[in-house]
Amino acid sequence: MAAKVQPREIKPGIFQLELPTPYPIGPVYAYLIKRDPISLIDAGVNSPQSLAAINEQLRYLGVSPPQIERLLLTHGHSDHYGAAQTLRDTGAKGIFIHPRDMDKVTNRREYYLRMRPYLAQMGMPPDYLEYFVKFIVWETPYARDLDMIHPIRQGDLFFWDGMKLEVMYTPGHSPGHVIFLEPEGGWAITGDFIFAHITPDPIIDITPSGFRTPSMPLHMDSIKRFTARGIHTYYPGHREREGRTREALEELKKRMAYKKRVYLEILAQGPMTPFQLMRRLYPESKKGEAFVLLSEVMGRLDLLEMEGGVVAHRTKDTITYSLKGYGKP
Ligand SMILES: [Zn+2]
Ligand SMILES: [Zn+2]
């Protein structure tokens, strides 16, 4: 049997819970605020292993799901909201999420399926698209659709006895991503917004009305607004248990500059689809990784296009990218 993980108290009355996921990223952190009213930030996936882990850690802290008055979600990805509906079935109360992520947590299958034509347009071949559909089926049990949810928005304040957290809207990784700030203490609970050694993959996202969100430009804009808030410590959704904002932002800057150079070098070889570019970057990658890697490529191409160095050529069926001025004498 795996060693039992004990919750870690990161601030008085706030506990970091470690929950297993079936994804390559590894465990996800949820945060229990054991103050009045008892609240949980993020919920983990809806797997028997994760539900056992969360129930065991809640029990260790003397909390049962019916005592959870608020379930606050950083964003609508299955590793963060997957178990929310099951926790509500066992008594947890109001679930809160940003309106821009409501479509995917209320109808996950639809959210994935409407991406298909866009992935095809990005050059994803039929065998990869088939694999993507298989992935959707595989992932289904890990996230149950939510029924009743309350919206949270930029600037909303949540109060506890002796503490408050402020909602900051940080779209990018997901169009409805939010983080929870404690401005006086200079810390925040940040979901998938910021990490020390990885850039949060800005996942491809199509709105129900068919608009593809420019995820990476949005993310970088959120980073800029976050930087201005003077938050020195963050508690993320994965990997390191806590991080220093300044170091993470410096690392991010270096990674962004490096990747930009690599992308421009590859595009100097000629026009290509996002999928072709992804294969050049990651020739060893497996089919199961294609969606996340293509998301990264798409996000960075959006950014390069917006900066003006790269031009997109769009038709109904394909989209290719080239360096500005490529092929001109
Ligand atoms: Zn996420
Ligand atoms: Zn995550």
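Bear in mind the structure is a predicted one, so any value in this text is a computation, not a measurement.

**Notes on the domain arrangement of the protein**
Thought 1: If you check the domain split of the protein, you get domain 1 (8-250) and domain 2 (261-323).
Thought 2: Here the C-alpha centre of domain 2 lies 27 Å away from the C-alpha centre of domain 1.
Thought 3: Between domain 1 and domain 2, the residue contacts involve 25 residues of the former and 24 residues of the latter.
Thought 4: If you sort the residues of domain 1 by the area they bury against domain 2, Gln 121, Met 122 and Tyr 128 come out on top, with a joint share of 30%.
Thought 5: Where domain 1 meets domain 2, there are two salt bridges.
Thought 6: As a salt-bridge pair, Asp 127 and Lys 287 come within 3.4 Å of each other at their nearest N and O atoms.
Thought 7: The interface formed by domain 1 and domain 2 holds seven residue pairs in polar contact (both at pLDDT 80 or more) in total.
Thought 8: Only helix H6 (116-121), helix H7 (126-139) and helix H8 (215-227) provide two or more residues apiece to the side of domain 1 that touches domain 2.

**Re the sheet that holds strand S9 (residues 163-169)**
Thought 1: Spatial strand order, S8-S9-S10-S11-S12-S13: six strands in an open sheet with mixed pairing. In the strand order of this sheet, the two ends are held by strand S8 (157-160) and strand S13 (243-244), each with one partner.
Thought 2: Of the pairings in the sheet, the one linking strand S11 (residues 187-191) to strand S12 (residues 233-236) comprises four bridges and is parallel in character. Residue Ile 189 lies in a different strand from S12, and its bridge partner there is Tyr 235.

Parameters at a glance
Residues numbered from 1 in each chain as written. Chains lettered and ligands numbered in written order. Predicted model: local features only at pLDDT ≥ 70, side-chain atom pairs only at ≥ 80, totals over all residues. Heavy atoms only, no water. Domains from an automatic or database assignment. Contact = heavy atoms within 4.5 Å. Buried area = accessible area lost by both parts, 1.4 Å probe. Salt bridge = Lys/Arg side-chain N within 4 Å of Asp/Glu carboxyl O. Polar contact = N/O pair within 3.5 Å; in protein donor to acceptor, adjacent residues only side chain to side chain. Helix = DSSP H or I, 4+ residues; strand = E, 2+ residues; numbered from the N terminus. Pairing = 2+ DSSP bridges.

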